[in-house]
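Take a look at the letters that make up each chain.
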Amino acid sequence: MTVTPNSRQSMQYPARTITRAERAMRCAPFQLQLFTTMIQQSVALKAIAQTAGIDHQYTTQPLSELAVEQELVWLIQVGLLRREVDGQGLTDSFRVTPLGRQLAEQWQRDPAQDRAPTWQDRLYNALSRWLRLSI
């Protein structure tokens, strides 16, 4: 699969990078609403954790702050997200990267497509996380 950049973005990514990022996005416990919100503004960790995540339609079940942070850090490592920075340094807020924006916008354009991860997606994602491989 190829991500076609829109007029605002001209970033081209290797197919392997896109495949890994898309798989990580499918396997993450987050809803598309989180990624689309992160296009417009940064989202704080506390807005995703526990029942706040359900209230904002970012998750379908409550997740601990630790679980949310671990998932978000993985999405940073695959290039979908970045931590916000303020004058004091890193914050507990996150935004999408250009790659994350491209994938989220693509998913918005085609909401009918089934994005549920397969067992193979889950296996490759787990192996990538555990071994830090770029598969």
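Here's what I pulled together on the structure shown here. (Residues numbered from 1 in each chain as written. Predicted model: local features only at pLDDT ≥ 70, side-chain atom pairs only at ≥ 80, totals over all residues. Heavy atoms only, no water.)

## Some words on the pattern of salt bridges
Stated precisely, the cut-off is as follows: In the sections that follow, a salt bridge refers to a side-chain nitrogen of Lys or Arg positioned within 4 Å of a carboxyl oxygen of Asp or Glu. Put simply, DSSP H or I for four residues or longer makes a helix, DSSP E for two residues or longer makes a strand, and each gets a number counted from the N terminus. In this scheme, a residue with accessible area under 20% of its type's maximum is buried, one over 50% is exposed, and one in between is partly exposed, where area comes from a 1.4 Å probe on protein chains only.
For the structure on display, the rule yields seven salt bridges. Between arginine 26 and glutamate 22 there is a salt bridge, with the nearest N and O atoms lying 3.7 Å from each other. Taken together, the positions of arginine 26 and glutamate 22, both in helix 1 (residues 15-27) and four residues apart, correspond to about one turn of that helix. For the pair arginine 26 and glutamate 22, a shared accessibility class is recorded, and that class is buried.

## So, the packing of helix 2 (residues 32-40) against helix 5 (residues 98-109)
In a pair of packed helices, the angle between the axes and the distance between the axes together describe the arrangement. Stated precisely, the cut-off is as follows: Lines fitted to the C-alpha atoms define the axes, with helices restricted to the stretch that makes contact. Angles between their N-to-C directions range from 0 to 180 degrees. Comment on the angle field: the value is read as roughly parallel under 35 degrees, roughly antiparallel over 145, roughly perpendicular from 65 to 115, and oblique elsewhere. Left-handed describes a crossing in which the near helix is turned anticlockwise from the far one by less than a right angle; the clockwise case is right-handed. A contact between two residues is defined here by any heavy atoms of the two lying within 4.5 Å. Gly counts as polar in this scheme, as do all residues outside two lists: the nonpolar Ala, Val, Leu, Ile, Met, Phe, Trp, Tyr, Cys and Pro, and the charged Asp, Glu, Lys and Arg.
Running from amino to carboxyl end, helix 2 crosses helix 5 at an angle of 125°, the nearest separation of the two axes being 10 Å. Accordingly, the angle class assigned to the pair helix 2 and helix 5 is oblique. Where helix 2 crosses over helix 5, the handedness of that crossing is left-handed. When helix 2 is examined against helix 5, the residues Leu32, Phe35, Thr36 and Ile39 are found in contact with a partner set consisting of Arg101, Ala104, Glu105, Trp107 and Gln108. Within the contact of helix 2 with helix 5, the residues separate by chemical class into five nonpolar, two polar and two charged.

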